[in-house]
Amino acid sequence: QVLLVESGGGLVQTGGSLRLSCAASGRTLSNYVMAWFRQAPGKEREFVGGVRWSNEFSYYADSVKGRFTLSRDYAKNTMYLEMNNLKPEDTAVYYCAASILIGIPKKESGYDYWGQGTQVTISS
């Protein structure tokens, strides 16, 4: 039903910025929640932030509040994650996810569709 493809990962120095993209296809996203998760080696997949496609409500994990910002391009069916003031602990594979549930689930089990991930590495 929904195909998600992440892009924009790379290697950035501490304090730098990076913008990730999640392009969605397959059906309308009007009633979907879209979110970003990340997973570092040896750790569980962690919720980063999410937004309901049809409005401007968003929620961010405490670890990224004030540094990361979600945005949407409705014409391109694309969600972005603008990451600023990056830290070494932000290093992870970042995944895009989508859900038809009400609200913005913070657990991996709350999402129905997943992208393949994009690697973000922050040098210290």
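Residues numbered from 1 in each chain as written. Predicted model: local features only at pLDDT ≥ 70, side-chain atom pairs only at ≥ 80, totals over all residues. Heavy atoms only, no water.

Draft legend 1. Region of interest: the packing of aromatic side chains. The full count for this structure, using the stated rule, is 7 aromatic pairs. Among the aromatic side chains, those forming a connected cluster through ring pairs are Phe37, Phe47, Tyr59, Tyr111 and Trp114. The ring centre of Trp114 lies 5.0 Å from the NZ or CZ of Arg45, which sits over that ring. (Phe/Tyr/Trp six-rings, centres within 6.5 Å; stacked < 30°, edge-to-face > 60°. Lys NZ or Arg CZ within 6 Å of the ring centre and 35° of its normal.)

Draft legend 2. Molecular detail of the state of the cysteines. Scanning the entire structure with this criterion turns up 1 disulfide. Paired through a disulfide, Cys22 and Cys96 show a sulfur-sulfur distance of 1.9 Å. Looking along the S-S bond of the Cys22-Cys96 disulfide, the torsion reads about -75°, which is the left-handed sense. Of this pair, Cys22 sits in strand E3 (residues 18-25) while Cys96 sits in strand E9 (residues 92-99), and the two are 74 residues apart along the sequence. Take Cys96: its relative accessible area is 0%, and that puts it in the buried class. (Disulfide = S-S within 2.5 Å. Helix = DSSP H or I, 4+ residues; strand = E, 2+ residues; numbered from the N terminus. Buried < 20%, exposed > 50% of the residue type's maximum accessible area, 1.4 Å probe, protein only.)

Draft legend 3. Spotlight on the nonpolar core. In this structure, Leu4, Met34, Trp36, Met79, Leu81, Met83 and Tyr94 are the most contacted members of the largest nonpolar core, which totals 31 residues. Among the secondary structure elements, those contributing two or more residues to this core are E3, strand E4 (33-39), strand E5 (46-52), strand E7 (68-73), strand E8 (78-83), E9 and strand E11 (118-123). Look past the residues within four positions of Leu81 in its chain and what remains in contact with it is Leu18, Arg19, Leu20, Trp36, Val48, Phe68, Thr69, Leu70 and Tyr94. If you look at the next biggest cluster of nonpolar residues, it comprises 7 residues, including Ala35, Phe47, Ile104 and Tyr111. (Core = buried A, V, L, I, M, F, W, Y, C linked by side-chain atoms within 4.5 Å. Contact = heavy atoms within 4.5 Å.)

Draft legend 4. Summary view of the pairing of strand E1 (residues 3-7). Side-chain alternation along E1 places Leu4 and Glu6 on a buried face and Leu3, Val5 and Ser7 on a face that remains uncovered. In terms of strand pairing, E1 meets E3 through 5 bridges, oriented antiparallel. Note that in E3 the partner of Leu4 across the bridge is Ala24. (Pairing = 2+ DSSP bridges.)

Draft legend 5. Region of the structure containing the sheet that holds E1. The antiparallel open sheet is built from 4 strands, whose spatial order is E1-E3-E8-E7. The strands lining the two open edges of the sheet, one partner per strand, are E1 and E7. The sheet shows a mean angle of 20° between the axes of neighbouring strands, direction not considered. Direction of pairing for E7 relative to E8: antiparallel, over a ladder of 6 bridges. (Axes fitted to C-alpha atoms, helices over the stretch in contact; angles between N-to-C directions.)

Draft legend 6. Spatial organisation of the pattern of salt bridges. As enumerated under the stated definition, the model contains 5 salt bridges in all. Two residues, Arg38 and Asp90, come together in a salt bridge whose shortest N-O distance is 2.8 Å. With a gap of 52 residues between them, Arg38 in strand E4 and Asp90 in the loop between E8 and E9 connect regions that are remote in the sequence. The class for Arg38 is buried, based on a relative accessible area of 6%. Classification of Asp90 by relative accessible area gives buried; the value is 0%. Close ionic contact of Asp90 with Arg67 constitutes a salt bridge, the shortest N to O distance being 2.7 Å. (Salt bridge = Lys/Arg side-chain N within 4 Å of Asp/Glu carboxyl O.)

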